[in-house]
Amino acid sequence: FLQVGPDRGSYYHELFLRGKPHLQKYMRRLPKTHKKLPMKKQDEPDFYKLDKTNPLPQLDESQTALAPNVVALRRQQQQHQQQQQQQQ
């Protein structure tokens, strides 16, 4: 979680960046026993500065229009999985 700036309290992941879905293959789920150490305040990224030097690609309307549908489908999938677990 970010500790300073206008996005204080926000979560981010170094490999979860708009317009760069190819990075997700490098993301790994850590075991439950693993605790990620908190980042030092001086090492936190400044996304506002970063956007000026290395801007991310802009999303077109067709990509942003699909986002609510993806979220709804993911919820349905989770509910279905929960129902299956309860039946077992």
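Located above this text is the structure these notes cover.
Predicted, not measured: the structure shown is a model, and the values here were computed from it.

*Asks:* How should the overall build of the protein be read in this particular structure?
*Replies:* From N to C terminus, the protein includes two helices and zero strands. Taking all 88 residues of the protein together, the buried fraction comes to 5%. Within the protein, residue pairs in contact and separated by at least 24 positions form 59% of the contacts whose partners lie at least 6 positions apart. Of the roughly 8700 Å² of accessible surface on the protein, a fraction of 53% belongs to carbon and sulfur atoms.

*Asks:* Quick question: what am I supposed to make of the environment of Y48 here?
*Replies:* Note on placement: Y48 falls in helix α1 (residues 47-53). Residues Y48 and P6 lie 42 residues apart in sequence; the distance between their C-alpha atoms is 9.8 Å. Aside from chain neighbours lying at most four places away, what touches Y48 is P6 and D7.

*Asks:* How should the environment of M39 be read in this particular structure?
*Replies:* Take M39: it is sitting in the segment before α1. Residue classification places M39 among the partly exposed positions, given a relative accessible area of 32%. Taking the C-alpha atoms as reference points, M39 and Q3, 36 residues apart in sequence, are found 8.8 Å from one another. Setting aside anything within four residues of it in sequence, one finds M39 in contact with Q3, Y12, E44 and P45.

*Asks:* Is there a simple way to explain the environment of Q3 in this structure?
*Replies:* Tracing the sequence through the fold places Q3 in the segment before α1. The spatial distance from the C-alpha of Q3 to the C-alpha of K41 is 6.5 Å, given a sequence separation of 38 residues. Those residues in contact with Q3, other than ones at most four positions away along the chain, are R8, P38, M39, K41 and E44.

Quick notes on the rules
Residues numbered from 1 in each chain as written. Predicted model: local features only at pLDDT ≥ 70, side-chain atom pairs only at ≥ 80, totals over all residues. Heavy atoms only, no water. Helix = DSSP H or I, 4+ residues; strand = E, 2+ residues; numbered from the N terminus. Buried < 20%, exposed > 50% of the residue type's maximum accessible area, 1.4 Å probe, protein only. Contact = heavy atoms within 4.5 Å. Areas by Shrake-Rupley, 256 points an atom, 1.4 Å probe, with all protein chains shown as cover.

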